[in-house]
Amino acid sequence: SQQGEEDPQALSIQEGENATMNCSYKTSINNLQWYRQNSGRGLVHLILIRSNEREKHSGRLRVTLDTSKKSSSLLITASRAADTASYFCASTFQKLVFGTGTRLLVSP
Amino acid sequence: DVKVTQSSRYLVKRTGEKVFLECVQDMDHENMFWYRQDPGLGLRLIYFSYDVKMKEKGDIPEGYSVSREKKERFSLILESASTNQTSMYLCATYPYSYRVSGANVLTFGAGSRLTVL
């Protein structure tokens, strides 16, 4: 299977804590993207990091990329209940290959 | 904002029925995709289209076909629905310019949850 893998599968934290999700992929990439999916809805793009970048920030999001290890991580700082969702990475070479997702639950 | 509209949020069909899932986008995007999402398996690409009347198989095309007669509309067809096609189906798009720039960010529809009995 070409599917990427995400770790952990599920994460439960309190509001204000940081959440870290990891993604591993299998092939060379041009970029890696992170998406969010609220329950029962479509995915929404969060951030894209190119293969020649090592770190990128967007608001409370921080993404890192290690192409030597074929891995990426998404950090959400100072999490909020509204961050409760599933998060997917998608690695891109000739096409997007999605990971299996991390379910994040942020409790008030 | 790009809008990707999937005509049916929830469908219940019987085994053997022909099922049409419609996707319409309003921003003139060339590339359109159909994904299937199942728990623990993530998103898997069924078919995609990069232009009117053009289509290419994705990773799991068996049991599905597609139609793209107009640029804004991409239809997924289940010729004879089976219970193992019960799933969430997601349509997504991006413009040609994104492919050129290497930033192929997808815009998704809200999804169509299909149950086949």
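Data block above holds the structure.
Just so it is clear, the model here is predicted, and its values are computed rather than measured.

Between chain A and chain B, the residue contacts involve 20 residues of the former and 20 residues of the latter. Of the roughly 1600 Å² buried where chain A meets chain B, counting both sides, 50% is carbon and sulfur surface. Taken together, the links from chain A to chain B amount to 7 residue pairs in polar contact (both at pLDDT 80 or more). Those elements that place two or more of their residues in the side of chain A that touches chain B are β4 (31-37), β5 (43-50), β9 (85-92) and β10 (96-98) of chain A.

It is worth spelling out the sheet that holds strand β1 (residues 4-6) of chain B at this point. All names here are of chain B. With respect to topology, 4 strands assemble into an open sheet ordered β1-β3-β8-β7, the strand pairing being antiparallel. The sheet terminates laterally at β1 and β7 (65-70), the two strands that pair on one side only. Within the sheet, the average angular offset between the axes of one strand and its neighbour, ignoring direction, is 20 degrees. Direction of pairing for β1 relative to strand β3 (residues 19-25): antiparallel, over a ladder of 3 bridges. Bridging from a neighbouring strand, V4 pairs with Q25 of β3.

For the coordinates displayed, the defined rule picks out 2 disulfides over all chains. Note that C23 of chain A is cross-linked by a disulfide to C89 of chain A, the S-S spacing being 2.0 Å. The chirality of the disulfide connecting C23 of chain A with C89 of chain A is right-handed, given an S-S dihedral of about 70 degrees. Remark: C89 of chain A occurs in strand β9 and C23 of chain A occurs in strand β3 (residues 19-24); sequence separation between them is 66 residues. One exposure class covers both C23 of chain A and C89 of chain A, and it is buried. At a sulfur-sulfur separation of 1.9 Å, the disulfide partner of C23 of chain B is C91 of chain B. Residues C23 of chain B and C91 of chain B share a disulfide whose torsion about the S-S bond is about -75 degrees; that sign makes it left-handed. In this pair, C23 of chain B sits in strand β3 while C91 of chain B sits in strand β9 (residues 87-94), placing the two residues 68 residues apart along the sequence. C91 of chain B carries the same exposure label as C23 of chain B, and that label is buried.

Before going further, it helps to examine the sheet that holds β3 of chain A. All names here are of chain A. Pairing in this open sheet of 5 strands is antiparallel, and the strands run β1-β3-β8-β7-β6 from one edge to the other. Edge strands, defined here as strands with exactly one partner in the open sheet, are β1 (5-7) and β6 (55-58). Neighbour-to-neighbour, the strand axes of the sheet open up by a mean angle of 15 degrees, direction not taken into account. Strand direction decides the pairing type here: β1 and β3, joined by 3 bridges, are antiparallel. Within β3, the position partnered with E6 by the bridge is C23.

Residue and element names in this part refer to chain B. The buried count for β9 comes to 8 of 8 residues, which makes it a mostly enclosed element. Side-chain alternation along β9 places S87, Y89, C91 and T93 on one buried face and M88, L90, A92 and Y94 on a second face that is also buried. Bridge count between strand β4 (residues 31-38) and β9: 7 bridges; the pairing is antiparallel. Within the sheet, the bridge partner assigned to W34 lies in β9 and is C91. By the bridge criterion, 3 bridges tie β9 to strand β11 (residues 112-116) in an arrangement that is antiparallel. The partner of Y89 across the bridge, within β11, is S112.

Analysis parameters
Residues numbered from 1 in each chain as written. Chains lettered and ligands numbered in written order. Predicted model: local features only at pLDDT ≥ 70, side-chain atom pairs only at ≥ 80, totals over all residues. Heavy atoms only, no water. Contact = heavy atoms within 4.5 Å. Buried area = accessible area lost by both parts, 1.4 Å probe. Polar contact = N/O pair within 3.5 Å; in protein donor to acceptor, adjacent residues only side chain to side chain. Helix = DSSP H or I, 4+ residues; strand = E, 2+ residues; numbered from the N terminus. Pairing = 2+ DSSP bridges. Axes fitted to C-alpha atoms, helices over the stretch in contact; angles between N-to-C directions. Disulfide = S-S within 2.5 Å. Buried < 20%, exposed > 50% of the residue type's maximum accessible area, 1.4 Å probe, protein only.

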